[in-house]
Amino acid sequence: LARNLVGYSAPSRPSKQYRTNPAAPDVNPSDVVAAGTDHNNLVISWKPMTGLQSNGPGLRYRVLWRRRDPDGGGDHDWSEETVVNASRHVVTETPTYAPYEVRVQAVNDYGGGPEPRVVPGFSGEDRELFPVPV
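What you see is a predicted model, and the numbers here were worked out from it, not measured in a lab. (Residues numbered from 1 in each chain as written. Predicted model: local features only at pLDDT ≥ 70, side-chain atom pairs only at ≥ 80, totals over all residues. Heavy atoms only, no water.)

Engineer: Could you give an account of the overall build of the protein chain, with specific residues and numbers?
Structural biologist: When helices and strands are tallied, the protein chain shows one helix and 10 strands. The order of α-helices and β-strands along the protein chain, N terminus first, is β-β-β-β-α-β-β-β-β-β-β. Taken over the C-alpha trace, the protein chain has a radius of gyration of 23 Å; the compact-globule value for 134 residues is 14 Å, which it surpasses by more than 25%. Here the protein chain, with 134 residues, has 29% of them falling under the buried criterion. Long-range pairs, those at least 24 residues apart, make up 64% of the contacts in the protein chain with a sequence separation of at least 6. As displayed, the protein chain has an accessible area near 9,600 Å², and 50% of this comes from carbon and sulfur atoms. (Helix = DSSP H or I, 4+ residues; strand = E, 2+ residues; numbered from the N terminus. Rg over C-alpha atoms; globule rule 2.2 N^0.38 Å. Buried < 20%, exposed > 50% of the residue type's maximum accessible area, 1.4 Å probe, protein only. Contact = heavy atoms within 4.5 Å. Areas by Shrake-Rupley, 256 points an atom, 1.4 Å probe, with all protein chains shown as cover.)

Engineer: Got a sec to walk through the pairing of strand β10 (residues 119-122)? Specific residues and values, please.
Structural biologist: Burial along β10 is one-sided: V119 and G121 are buried, and none of P120 and F122, which face the opposite way, are. Both strand β8 (residues 99-108) and β10 contribute to a ladder of four bridges, which runs antiparallel. The residue bridging E101 from the neighbouring strand is P120, located in β10. (Pairing = 2+ DSSP bridges.)

Engineer: Now, about the pairing of strand β5 (residues 60-67): what can you tell me, with residues and values included?
Structural biologist: Pairing between β5 and β8: eight bridges, direction antiparallel. Looking at β8, one finds that R62 is bridged to Q105. As paired elements, β5 and strand β6 (residues 79-83) share five bridges and run antiparallel to each other. What sits directly across from R62, in β6, is T82.

Engineer: Residue-level account of the side chain of S54, with values.
Structural biologist: Within the element layout of this structure, S54 appears in helix α1 (residues 51-54). What makes S54 buried here is its relative accessible area of 4%. Only 2.7 Å separates the side chain of S54 from the backbone oxygen of G51, close enough to count as a polar contact. Apart from residues lying up to four places away in sequence, S54 is in contact with A23, P25, M49, L59 and N108. (Polar contact = N/O pair within 3.5 Å; in protein donor to acceptor, adjacent residues only side chain to side chain.)

Engineer: How would you sum up unusual backbone geometry? Please name residues and give values.
Structural biologist: We note that D31 has phi near 55°; this positive angle belongs to a residue other than glycine. Tracing the sequence through the fold places D31 in strand β3 (residues 30-35). For D31, a relative accessible area of 53% translates into the label exposed. The phi torsion at N55 lies on the positive side, around 65°, for a residue other than glycine. Its location among the elements puts N55 in the loop between α1 and β5.

Engineer: Give me the side chain of Q105: which residues, what numbers.
Structural biologist: Counting through the fold element by element, Q105 comes out in strand β8. Looking at Q105, its side chain comes within polar contact range of the main-chain oxygen of G113, at 2.7 Å. Those residues in contact with Q105 that lie beyond four places of it in its chain are N28, P29, R60, Y61, R62, G112, G113, P114, E115 and P116.

Below, the structure written as C-alpha cells:
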C-alpha cells in the first residue's frame, strides 16, 4: 500500500524510464568577470557549470581574450586557452590598466556550447604615486 495526504491507496505502476543522449552544452558559464589583480595581469573568472549543465562528459572551458585598442587602431588577435577543473584563468605580462575583451565557452566531448558573449574588462592598475589621505 502507498500512503499520501489523502490516505492509503494501491501503489501506481512504475513510470517509463527515459535516457537523454549526451550532447554539446546548451549554455556557457555565467558571471564571467575580467579584472586585473596586479599591475601586469588579467584574471578571467566565471561561475563553474554543473554536471547537468555540461550535457555530457569531458567538460572544459575555452577561454578567449584580446586587448582592445582604445585609439581605434585595430584590436589585437584573440588568444585562447583551454581550462579543465578550474573556474579562472590568469593572463600574465599584460600592460598596466589596458582594456580587454574576454569570452568563456563551455565545451565537452560532443562539441562546444553556443557562441559566448563578449565581456569587457581591464588588466590591473599600478600602485598609486600619491596616496590619498583618508
